[in-house]
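# A look at the structure
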Amino acid sequence: MYGKEKKTIVAEFITFSDDAKKTTFWKLYDDYEAQRKAYGQKRIAILEKYANSYETMDDKSGDEIIKETIRLQKDVDGLIAGYYEKIRKGVGGKQAGQFYQIESYFLSATRLLILENIPFIGELDIKPVSGSGKNRSTIYIFHGYFANIDLNKELTGKTFVS
């Protein structure tokens, strides 16, 4: 599955013997994808907000980020369920079920990938241990793992240890 475009994977999984149903499905799927991608941009914005406020997060900002995340998850889950119904009415239950399964799989894989690559709130226990001179570096303790950051290299943006 990896290395293929999403639409190619969907086309291999959901097949049609009727051209009219195929045309109806792909029109609905393209509409769905446009909306899903807009939600993807919202997800990126929330992740950027999380990363940018991680070290200074307080009760208010943490609550705001979690509430935005909850709203987004409900919206995305609702989008998939809504398009399941549209596809079921347009082409039938089998292909609608396949749509629901594969989109749920993609969504779950995306959510898991995100969760595996960002620290939990407060989990990144920053305890710098700095060297000096030519071997300047800082070691950060992250949930029992050590990350050695070379301070001689210029870093841009926020970086999380995964």
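Counting from 1, residues in each chain are numbered in the order their sequence is written. Reporting of local features is limited, given that this is a predicted model, to residues whose pLDDT is at least 70; pairs of side-chain atoms are given and counted only at 80 or more, and all residues count toward the totals for whole chains, interfaces and linings. Side-chain measures here rest on the full set of heavy atoms in the structure, leaving out hydrogens and waters.

For the rest of this paragraph, the subject is the overall build of the protein chain. Only runs of H or I of at least four residues qualify as helices and only runs of E of at least two qualify as strands under DSSP, and these elements are numbered from the N terminus. When you go through the protein chain residue by residue, the secondary structure sums to four helices and three strands. Seen in sequence order, the protein chain has helices and strands lined up from the N terminus as α-α-α-α-β-β-β. Buried residues are those whose accessible area, probed at 1.4 Å on protein chains only, stays under 20% of the maximum for their type, while exposed residues exceed 50% and partly exposed ones sit between those limits. Counting all 162 residues of the protein chain, 29% fall into the buried class. Shrake-Rupley sampling with a 1.4 Å probe provides the accessible areas, and residues are treated as covered by the protein chains on show and by no other component. Working note: accessible area of the protein chain is about 11,100 Å², and carbon and sulfur atoms make up 54% of it.

Moving on to the pattern of salt bridges. Each salt bridge in this description consists of a side-chain nitrogen of Lys or Arg and a carboxyl oxygen of Asp or Glu lying within 4 Å of one another. Considering all chains together, one arrives at 10 salt bridges under this definition. Note that Glu85 and Arg88 form a salt bridge whose closest N and O atoms lie 2.6 Å from each other. Placement of both Glu85 and Arg88 in helix α3 (residues 59-91) is noted, with a separation of three residues, approximately one turn of the helix. Since its relative accessible area comes to 33%, Glu85 is described here as partly exposed. By sharing partners, the salt bridges in this structure join Lys6, Glu33, Arg36 and Glu103 into a single network.

Quick look at the confidence of the model for the protein chain now. pLDDT expresses how confident the predictor is about each individual residue, on a scale running from 0 to 100. Confidence in the prediction of the protein chain, expressed as mean pLDDT, is 81, and 73% of residues score 70 or more. Mean pLDDT values for the elements of the protein chain range from 44 in strand β2 (residues 137-142) up to 96 in α3. Here residues 136-162 scores under 50 on pLDDT; set against residues more than four positions off or in separate chains, the count is 52 contacts. Every residue pair with non-hydrogen atoms within 4.5 Å of one another is taken to be in contact.

Turning our attention to the packing of aromatic side chains. Centre distance within 6.5 Å is the pairing criterion for rings of Phe, Tyr and Trp, where only the six-membered ring of Trp is used; planes under 30 degrees apart are then read as stacked, over 60 as edge-to-face, and the remainder as tilted. Evaluation of the coordinates by the stated rule reveals 11 aromatic pairs. Relative to Tyr29, the ring of Phe25 has its centre 5.7 Å away and its plane inclined at 25°; by these criteria the two rings are stacked. Here the residue Phe25 and the residue Tyr29 both occupy positions in helix α2 (residues 19-53), the gap between them amounting to four residues, near one helical turn. Pair check on accessibility: Phe25 and Tyr29 agree, each one buried. On the basis of an interplanar angle of 65° and a centroid distance of 5.6 Å, the ring pair of Tyr32 and Tyr83 is categorised as edge-to-face. Of this pair, Tyr32 sits in helix α2 while Tyr83 sits in helix α3, placing them 51 residues apart in sequence. Each member of the pair, Tyr32 together with Tyr83, is buried. Here the aromatic cluster, defined as three or more aromatic residues joined through ring pairs, consists of Phe16, Phe25, Trp26, Tyr29, Tyr32, Tyr83 and Phe99. Positioned above the aromatic ring of Tyr83 is the side chain of Lys86, whose terminal nitrogen or guanidinium carbon lies 4.3 Å from the ring centre. Sitting over a ring, as applied to charges here, requires NZ of Lys or CZ of Arg to be within 6 Å of the ring centre and within 35 degrees of the ring normal.

For the rest of this paragraph, the subject is α2. For a helix, the expected span equals 1.5 Å multiplied by the number of residues minus one. The end-to-end C-alpha distance of α2 is 50 Å, a good match for the 51 Å that 35 residues give at a rise of 1.5 Å each. At the N-terminal boundary of α2, the capping side chain belongs to Asp18, with an oxygen 2.7 Å from the backbone nitrogen of Ala20. Polar contact is defined as a pair of N or O atoms within 3.5 Å, subject to the rule that within protein one atom must be able to donate a hydrogen and the other to accept it, and that residues adjacent in sequence are counted only when both atoms are side-chain atoms.

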